[in-house]
Amino acid sequence: MINALLSSIFTVILSIIFLYKWIIIISAILSWVRPDPYNPIVQMLYRLTEPAYALIRRFIPTVFGGMDLAPIILIFILIFLETFLGRLFMGMM
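What counts and what doesn't
- Residues numbered from 1 in each chain as written.
- Predicted model: local features only at pLDDT ≥ 70, side-chain atom pairs only at ≥ 80, totals over all residues.
- Heavy atoms only, no water.
- Helix = DSSP H or I, 4+ residues; strand = E, 2+ residues; numbered from the N terminus.
- Buried < 20%, exposed > 50% of the residue type's maximum accessible area, 1.4 Å probe, protein only.
- Expected span 1.5 Å × (residues − 1).
- Bend = angle between axes of the 7 residues up to and from the residue.
- Patch = residues over 30% accessible without salt bridge, like charges linked within 9 Å, V, L, I, M, F, W, Y side chains within 5 Å.
- Areas by Shrake-Rupley, 256 points an atom, 1.4 Å probe, with all protein chains shown as cover.
- Salt bridge = Lys/Arg side-chain N within 4 Å of Asp/Glu carboxyl O.

This part is about unusual backbone geometry. If you check the backbone angles, R34 has positive phi at about 50 degrees while not being a glycine. Residue position: R34 is located in the loop between α1 (2–31) and α2 (40–59). For R34, a relative accessible area of 75% puts it in the exposed group.

Below, the structure is given as structure tokens:
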């Protein structure tokens, strides 16, 4: 029973990480075309991604040549977390 609970928790965490990676990718692609800032979807993407970008920008300078690398850094961090937690989960079983 405990294994089923842990398995479910890890599955939900890994799914959230996977979904957040796609939100970051969509937000980064959308930023290239200068969308309407009053669009509710654009506002939601901004609210979901900007706190994480701000956290990264506080510790690492992310703007090089006019290009913001915060989304790429965040995606690499999420890939690391996803891989680490996945292997940790496989080691528990």
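Once you've had a look at it, read on.
This part is about α2. Compared with an ideal rise of 1.5 Å per residue, which puts 20 residues at 28 Å, α2 spans 30 Å between its outermost C-alpha atoms and is within 8% of the ideal. Within α2, the axis deviates most sharply at T49, by approximately 35 degrees, and proline P51 lies no more than four positions further along. Burial in α2 covers these residues: V42, L45, T49, E50, A52, Y53 and I56.

Moving on, we get to a nonpolar patch on the surface. Among the surface-exposed residues, I77, F80, L81, F84 and L88 lie close enough to one another that they form a single nonpolar patch of about 470 Å² accessible area. Note on placement: L81 falls in helix α3 (residues 70–92).

Moving on, we get to the pattern of salt bridges. Think of it this way: side chains of opposite charge can pair up when their charged atoms draw near. Summed over all chains, the structure comprises three salt bridges. In this structure, K21 and E82 form a salt bridge, with 2.5 Å as the shortest nitrogen-oxygen distance. Of the two residues, K21 is situated in helix α1 and E82 in helix α3; the sequence distance between them amounts to 61 residues. The class for E82 is partly exposed, based on a relative accessible area of 22%. Here D68 makes a salt bridge to R57, at a shortest N to O gap of 2.5 Å. With D68 in strand β2 (residues 67–68) and R57 in helix α2, this residue pair connects regions lying 11 residues apart in the sequence. For D68, a relative accessible area of 27% translates into the label partly exposed. A residue is classified by how much of its surface remains accessible, and R57, at 32% relative accessible area, is partly exposed. One continuous salt-bridge network, built from bridges that share partners, spans E50, R57 and D68.

Turning next to the environment of S8. Here S8 shows up in helix α1. Classification of S8 by relative accessible area gives partly exposed; the value is 42%.

The next thing to look at is α1. Compared with the 44 Å implied by 1.5 Å per residue over 30 residues, the 43 Å span of α1 between its first and last C-alpha is a close match. Every buried residue of α1 is accounted for by F10, I17, Y20, K21, I23, I24, S27 and A28.

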